[in-house]
Amino acid sequence: MKLDAKIPEGPLEQKWTKYKSSVPLVNPANKRNLNIIVVGTGLAGASAAATLAEMGYQVSAFCFQDSPRRAHSIAAQGGINAAKNYQNDGDSVHRLFYDTIKGGDYRSREGNVHRLAEVSTNIIDQCVAQGVPFAREYGGTLSNRSFGGTQVQRTFYAAGQTGQQLLLGAYSALERQVGLGNVKMYARHEMVEVVKIDGKARGIIARNLVSGKLERYFGHAVLLCTGGYGNVFYLSTNAMGSNVTAAWKAHKAGALFGNPCFTQIHPTCIPVSGHYQSKLTLMSESLRNDGRIWVPKKQGDTRHPNDIPEEERDYYLERRYPAFGNLVPRDIASRAAKERCDAGYGVGPSKMAVYLDFKYNMMNKYGRAEATKHGIANPDDETLLRLGKDIIKEKYGNLFDMYKQITAEDPYEVPMRIYPAVHYTMGGLWVDYELQTTVPGLYALGEANFSDHGANRLGASALMQGLADGYFVIPYTIGNYLSKEIHTKPIPTDHEAFEEAEKRANERISGFLKIKGTRTVESYHRELGLIMWDKCGMARNEKGLKEAIEQIRALREDFYKNVRVPGSDSGFNPELDKAGRVADFLELGELMCLDALAREESCGGHFREEFQTEEGEAMRDDDKFLSVFAWENKGNNDYELHREDLNYENIKIQQRSYK
Amino acid sequence: MGVLSFVFSSSLGRKLVMAVTGISLIAFLLVHCAINATVFFNDGGETFNIAAEFMGHNWLIRTAEIGLFAGLLWHIIQGIWLTLDNQKRRKSKYGANPGSANSKWYSRSMGLLGSIILIFLVMHLKHFWVVSRFGMPHELGHLEYASGEHLENLYVEMVNVFQNPVAVIVYVLGCIGLGYHLLHGFSSAFQTLGINHKSYTPMIQSVGVAFSIIVPLIFAIIPVAFHLGLIK
Amino acid sequence: MGNTMNINLKVWRQQNENAQGHFEEHKVQASPDMSFLEMFDVLNEQLIEDGKDPIAFDHDCREGICGMCSMVINGRPHGPKGGVTTCQLHMRSFKDGDTVVVEPWRANAFPVIKDLSVNRSAFDRIISSGGYVSVNTGNAVDANSVLIPKDVADTAFQAATCIGCGACVSACKNASAMLFVGAKVTQLSMLPQGQPERESRVVAMVDQMDAEGFGACTNTGACAAECPKEIPLSVIANLNREYYKAKLNGK
């Protein structure tokens, strides 16, 4: 199979503009006769469904949650990037493009990323017009902050709830179209099959999670906006329901899976506290604007953090990366934390944590500024702390509250304890420039696709990509496909392809119920997560990956013999829903390990211990691996690797350095 | 009427009725309380009877009285309807229901408090309003004061009524009911009207609390004072 | 840390919307650092292993922002702690040996799906009736071309933090949705972008709210007291004011 990314010809800056002005259009009368299925209602799905409906298409939108507003985009905290250069600090479309490519360790496409940077500015405009209450300065202009891997302030935010505000904006646009009758919304529905007719995606089988019934839906095109698969690790910052099922069914129906092993481990999460733990909670990267990360200089130091004097603290990020300091990209910060903890410098009861300390900036950055503002000469430390605390509270109040809630420790008084956790998956369904998978008519948007972040995503770029895909990319690119479909009449869902797909789904679901074994679905998920975290997590090696593959295969075999799924397939049965999702994770996990094994280099979030510099930095092998790995599912857990070579015409590839 | 039809059709419209009629009743209470308080002059009811005479025969007051009665009726009917309708919104009741954890008991019991006030009111109107306006069931005595004025003696009626300890108890209970009803109703009316401001709302609330204590207290002292013979 | 606590649970079980529900008693061993939902995970694992029907409950993000979790705990939505959702409630808020009563949101407008899961689609329909700014993608002007005073943006933001969980409805003795509607109306009526539809929006949303079968507000304040995002009662005053203004303008 030859993978064609369909990047438009011409200079980088003009590719998207030229594409837009030459892509075939669908006239308004024809749009009304074209049905589009959108699966998932996060930032990508809600924005796509709303925009396509505004344009006149007939849209059906699906989500497994009880309302489209609950998609996990809602939990994004820190912010959204855009090359507005409102701070006059030298930002530009090109710089955002460059930062993103470099941040992704040179494993993403120039054309896609440049387009992303170009439309980033429109996103902010659109969101503000919807009434998204971004943070503002006293003069009424929008406020910005910094995020990792950049040296400009280009991140727009709404306290620590940016994802919530953006999603509610997209959700309200979606609900507006529901009210106007242009979108049919199906909540508590899970996609379980893609229906293909004559090689094209023509619909889905969705399971009504309340009634348990399988339902058939036709669409001229199907958009998967179903997020990432971080929950393969069991413990992650993803929502409990986040799953790979829709993407995996698409993969099994012929869509290639791109770079599955590229996983982002976020450096600042609340550490695990017990075996019962069901998820990990992120503390936004924005905290690294004002928090300094450190461990004691002495191994196994058990003193209270406030009792450890300044000179006995190791601010290891500032020491190792003076240019970026605490704001190095996520992969680097995570690995550095792991390195310190593995070396015996970790803190807290588990010794698998480092400190994120706000006291210095509370006093010296904000406290001092406030003191000057209030005309307090020679303020003492207590005054500085008190003044600074108010500012910190305004910026991060909700995060501090959340931390206190979970750990019962007050981060205004004691440094936060943090440790890396699985957060995002750069990998996903392989798509071309038009966001189309290798199945015609089947598209993947947002985190569900593999496209824009290479081997590591920069902070505040996930929201940007999700909304870029939904608001500004798919509305154009889908025209290229649908303009050729205007003569296709809606296919009745009693077509044999629908029959067969429904039968497949039905057999699989009743299969789970028939096993009647002894182990819970949750226990398999937890075990899979441990294997993945130990052997395909922050650091990987050949031996571990090979073991993991064997272990996963054995676990999967055991699952189909011994799992116990209670209840029946009619009515509301969350355990059955979970069984289907875990079954798919048990297949995906193996593919991730295969991918990690095949990529014999380190890049971004993919760190193969065999390939590192003397200083412990990731060592890429551009001669062999300057390419996307796209895996084809041959059935029976057999995969074939295809490669899409990446061409860098505008950026000089370098060793990534943040020193 | 088209513009105002929402006061019958929407939940917020009906709420507006409760607030507007409630505030006019509050205004009435203030006047009523001020007039009653004149008995504390202990002048044998002279000031009181002059005021009562004015209230009973001034055509403007009599007209307003019709409005007040209409408002009172609307407040009662709407209140009963609201209470019953709201009760139907949760068919399946909670097994555990510690209401005091998130709200005041009297704010949740406006229907009950209103009913207590209503019972009291029926008795109260029979005692005073009916006799003063319609001269039934018996003719009031007339008095001639030093000033030469010749008035109906509602004051004497008060002295008579409050000889009965049952009446005194009912009156005091009615006033307590009124106090709690006001404690919620006063600030609630302003909230309903959309008057909520970080500087003014605390003030409204304080005035509301003061009003809800002072006015019913004055009302309640009168029957007690008559009964104990502190006022003659 | 590490010590276990014994909790006696009285949980509401209801097979489906039309079935008769009842309380069922369970004993669970919990750790003080567990979240309330993690305790339910432990219980459900037990139930499945014992061949019983696990308890259905809604949950997703488990970090207090998606608004999916919805348990009335000892008669209080999201439990005894103020300002948190059920998923952020930890067992350290309870004592060893406590009996804890757990029920679904109860309101006619939120029919029970199963056990502790309810259907809150009424909220979506209220938003769909007018809780938006009608601006198609591509119509926006530069984000900084409309200046918004910081305090206005902050107040609008505070109202916009509503997670749509429905705790307000479940806490209200009248099952009223005024706090939810008030939050959205306040957010959009404060911002310049919300002005063109200011009057039609509030009228449409209140009409839909009434049609969904929520009760009327009697200003008890229980909603704001139980709101996990601490949306203030003033949003209801705003809603009232916006509505009357719109109505008196003939909308």
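**With respect to the sheet that holds strand 18 (residues 442-444) of chain A**
Strand-to-strand pairing in sheets goes through backbone hydrogen bonds, with the strands running parallel or antiparallel.
All names here are of chain A.
Argument step 1. Read from one edge to the other, the open sheet built from five strands follows the order 6-2-1-10-18, with strand pairing classed as parallel. On the outer flanks of this sheet lie strand 6 (183-186) and strand 18, each paired with one strand and no other. Taking each pair of neighbouring strands and ignoring which way they run, the sheet shows an average axis angle of 20°.
Argument step 2. Of the strand pairs in this sheet, strand 2 (residues 58-62) and strand 6 are connected by four bridges, and their pairing is parallel. When the sheet's bridge partners are listed, Val-59 is paired in strand 6 with Val-183.
Argument step 3. Sheet contacts for helix 3 (residues 43-55): strand 1 (35-39), strand 2, strand 6 and strand 10 (221-224); angle to strand 2, the most-contacted strand, approximately 160°.

**Let's talk about the environment of Thr-518 of chain A**
Argument step 1. With respect to the secondary-structure elements, Thr-518 of chain A resides in the loop between helix 13 (496-515) and strand 19 (519-520).
Argument step 2. Relative accessible area serves as the criterion here: at 53%, Thr-518 of chain A is assigned to the exposed category.
Argument step 3. Sequence-wise, Thr-518 of chain A and Val-563 of chain A are 45 residues apart; in three dimensions their C-alpha atoms are separated by 5.9 Å.
Argument step 4. Once residues lying within four places of it in the same chain are set aside, the contact partners of Thr-518 of chain A are Asn-562, Val-563 and Arg-564 of chain A together with Glu-49 of chain C.

**Quick notes on the domain arrangement of chain C**
Residues and elements named next belong to chain C.
Argument step 1. Taken domain by domain, chain C comprises domain 1 (5-114) and domain 2 (121-248).
Argument step 2. Distance from the C-alpha centre of domain 1 to the C-alpha centre of domain 2: 29 Å.
Argument step 3. Of the roughly 1,300 Å² buried between domain 1 and domain 2 on both sides combined, carbon and sulfur atoms contribute 60%.
Argument step 4. Together, Pro-77, Ala-109 and Phe-110 form the three largest contributors to the area buried by domain 1 at its contact with domain 2, with a combined 35%.
Argument step 5. The tally of links between domain 1 and domain 2 comes to one salt bridge.
Argument step 6. With a closest N to O distance of 2.8 Å, Arg-76 and Glu-226 form a salt bridge.
Argument step 7. Our count for the contact surface shared by domain 1 and domain 2 stands at three residue pairs in polar contact (both at pLDDT 80 or more).
Argument step 8. Looking at side-chain class alone, the side of domain 1 that touches domain 2 contains ten nonpolar, six polar and two charged residues.

**Side note on helix 8 (residues 165-192) of chain B**
Residue and element names in this part refer to chain B.
Argument step 1. With 28 residues, helix 8 should cover 40 Å at 1.5 Å per step; its first-to-last C-alpha distance of 39 Å lies within 8% of that length.
Argument step 2. Approximately 30° is the largest bend angle found in helix 8, and it occurs at Leu-182.
Argument step 3. Taking the backbone nitrogen of Val-166 as reference, a side-chain oxygen 2.9 Å away marks Asn-164 as the first, capping residue of helix 8.
Argument step 4. One or two steps after helix 8, the chain reaches Gly-194, where phi turns positive at roughly 85°.

**Brief notes about the pattern of salt bridges**
Argument step 1. Applying the stated criterion across every chain yields a total of 77 salt bridges over all chains.
Argument step 2. Between Arg-89 of chain B and Asp-85 of chain B there is a salt bridge, and its shortest N-O distance comes to 2.7 Å.
Argument step 3. Owing to a relative accessible area of 11%, Asp-85 of chain B belongs among the buried residues under this scheme.
Argument step 4. Through salt bridges that share partners, Asp-105, Arg-107, Asp-331, Arg-599, Glu-601, Arg-620, Asp-622 and Arg-656 of chain A make up one connected network.

**Structural notes on the interface of chain C and chain B**
Argument step 1. Facing 47 residues of chain C, the contacting portion of chain B comprises 34 residues.
Argument step 2. Carbon and sulfur atoms make up 53% of the area that chain C and chain B hide from each other, which totals about 3,300 Å².
Argument step 3. Together, Arg-106, Asn-219 and Tyr-244 of chain C form the three largest contributors to the area buried by chain C at its contact with chain B, with a combined 19%.
Argument step 4. Remark: the boundary between chain C and chain B carries zero salt bridges.
Argument step 5. Inspection of the chain C/chain B interface yields 28 residue pairs in polar contact (both at pLDDT 80 or more).

**Let's talk about the packing of aromatic side chains**
Argument step 1. Throughout the structure, instances matching the rule amount to 52 aromatic pairs over all chains.
Argument step 2. Relative to Tyr-244 of chain C, the ring of Phe-6 of chain B lies with its centre 6.2 Å away and its plane at 35°, an arrangement referred to as tilted. You can see Phe-6 of chain B sitting in helix 1 (residues 6-9) and its partner Tyr-244 of chain C sitting in helix 8 (residues 234-248), one on each of two chains.
Argument step 3. For the pair Tyr-243 of chain C and Tyr-244 of chain C, a centre-to-centre distance of 6.0 Å together with 70° between the ring planes defines the contact as edge-to-face.
Argument step 4. On the basis of relative accessibility, which here comes to 0%, the residue Tyr-243 of chain C falls in the buried class.
Argument step 5. Through a chain of ring-to-ring contacts, three or more aromatic side chains come together here, namely Phe-48, Phe-120, Phe-128, Tyr-155, Phe-162, Tyr-171 and Phe-226 of chain B.
Argument step 6. Cation over ring: Arg-519 of chain A sits above Tyr-524 of chain A, and NZ or CZ is 4.0 Å from the ring centre.

**A closer look at the interface of chain C and chain A**
Argument step 1. At the interface, 72 residues of chain C touch 77 residues of chain A.
Argument step 2. Taken together, both faces of the contact between chain C and chain A bury some 6,000 Å²; the carbon and sulfur share is 53%.
Argument step 3. When the buried area of chain C at its contact with chain A is split by residue, Glu-63, Thr-137 and Lys-150 of chain C rank highest and sum to 12% of it.
Argument step 4. Between Asp-66 of chain A and Arg-120 of chain C there is a salt bridge; the shortest N-O distance is 3.1 Å.

**Considerations on the side chain of Asp-124 of chain C**
Argument step 1. Relative to the assigned elements, Asp-124 of chain C resides in helix 2 (residues 121-130).
Argument step 2. Buried Asp-124 of chain C, no salt bridge; nearest opposite-charge side chain is Arg-69 of chain A, N-O distance 5.8 Å.
Argument step 3. Not counting residues within four places of it along the chain, the set of residues in contact with Asp-124 of chain C comprises Asp-66, Ser-67, Pro-68, Tyr-171 and Glu-175 of chain A.

**A few points about the sheet that holds strand 14 (residues 313-314) of chain A**
All names here are of chain A.
Argument step 1. Taken in spatial order, the five strands of this open sheet run 12-16-15-13-14, and their pairing is antiparallel. Only two strands of the sheet have a single neighbouring strand rather than two, namely strand 12 (263-269) and strand 14.
Argument step 2. Relative to strand 14, strand 13 (residues 292-296) runs antiparallel, the two being bridged by two bridges. Bridge pairing in strand 14 places Pro-296 opposite Arg-313.

**Here we look at the environment of Ser-188 of chain B**
Argument step 1. Mapped onto the elements, Ser-188 of chain B comes out in helix 8.
Argument step 2. The class for Ser-188 of chain B is buried, based on a relative accessible area of 11%.
Argument step 3. With 109 residues separating them along the chain, Ser-188 of chain B and Gly-79 of chain B place their C-alpha atoms 14 Å apart.
Argument step 4. Non-local contacts of Ser-188 of chain B, meaning those with residues more than four positions away in its chain, are made with Thr-218 and Asn-219 of chain C.

The rules we used
- Note on numbering: residues in each chain are counted from 1, in written sequence order.
- To read the labels, note that chains go from A and ligands from 1, taken in the order they are written.
- Only residues with pLDDT of at least 70 get local features here, since the model is predicted, and only at 80 or more are side-chain atom pairs given and counted; chain-wide, interface and lining totals rely on the full set of residues.
- For side-chain calculations, the full set of non-hydrogen atoms in the structure is used, while hydrogens and water are omitted.
- The pairing criterion for strands is at least two bridges between them, as found by DSSP.
- The helix and strand labels rest on DSSP assignments: H or I over at least four residues marks a helix, E over at least two residues marks a strand, and numbering proceeds from the N terminus.
- Interaxial angle, 0 to 180 degrees, is taken between N-to-C directions of lines fitted to C-alpha atoms, where a helix line uses only the stretch in contact.
- We call two residues in contact when some of their heavy atoms are within 4.5 Å.
- For the exposure calls, accessible area comes from a 1.4 Å probe over protein chains only, and a residue counts as buried if that area is under 20% of its type's maximum, exposed if over 50%, partly exposed in between.
- Domains are outlined according to an automatic or database domain assignment.
- Summed over both partners, buried area is the accessible surface (1.4 Å probe) that two parts give up on being assembled.
- For salt bridges, the criterion is a side-chain nitrogen of Lys or Arg within 4 Å of an Asp or Glu carboxyl oxygen.
- In protein, a polar contact means a hydrogen-donor-capable atom and an acceptor-capable atom, both N or O and within 3.5 Å, with residues adjacent in sequence counting only if both atoms are side-chain atoms; elsewhere, any N or O pair within 3.5 Å suffices.
- Following the grouping adopted for this structure description, the nonpolar residues are Ala, Val, Leu, Ile, Met, Phe, Trp, Tyr, Cys and Pro, the charged ones are Asp, Glu, Lys and Arg, and the polar ones are all others, Gly among them.
- Each residue after the first adds 1.5 Å to the expected span of a helix.
- Note that bend, as reported per residue, equals the angle between axes fitted to the 7 residues terminating at that residue and the 7 residues originating from it.
- Pairing of aromatic rings covers Phe, Tyr and Trp, the last counted by its six-membered ring, and requires centre-to-centre distances within 6.5 Å; plane angles under 30 degrees mean stacked, over 60 mean edge-to-face, and any other angle means tilted.
- Working rule: Lys NZ or Arg CZ, within 6 Å of ring centre, within 35 degrees of ring normal, means a charge sits over the ring.
- Asp and Glu are treated as the negative residues and Lys and Arg as the positive ones, with His and the ends of the chain left uncounted.

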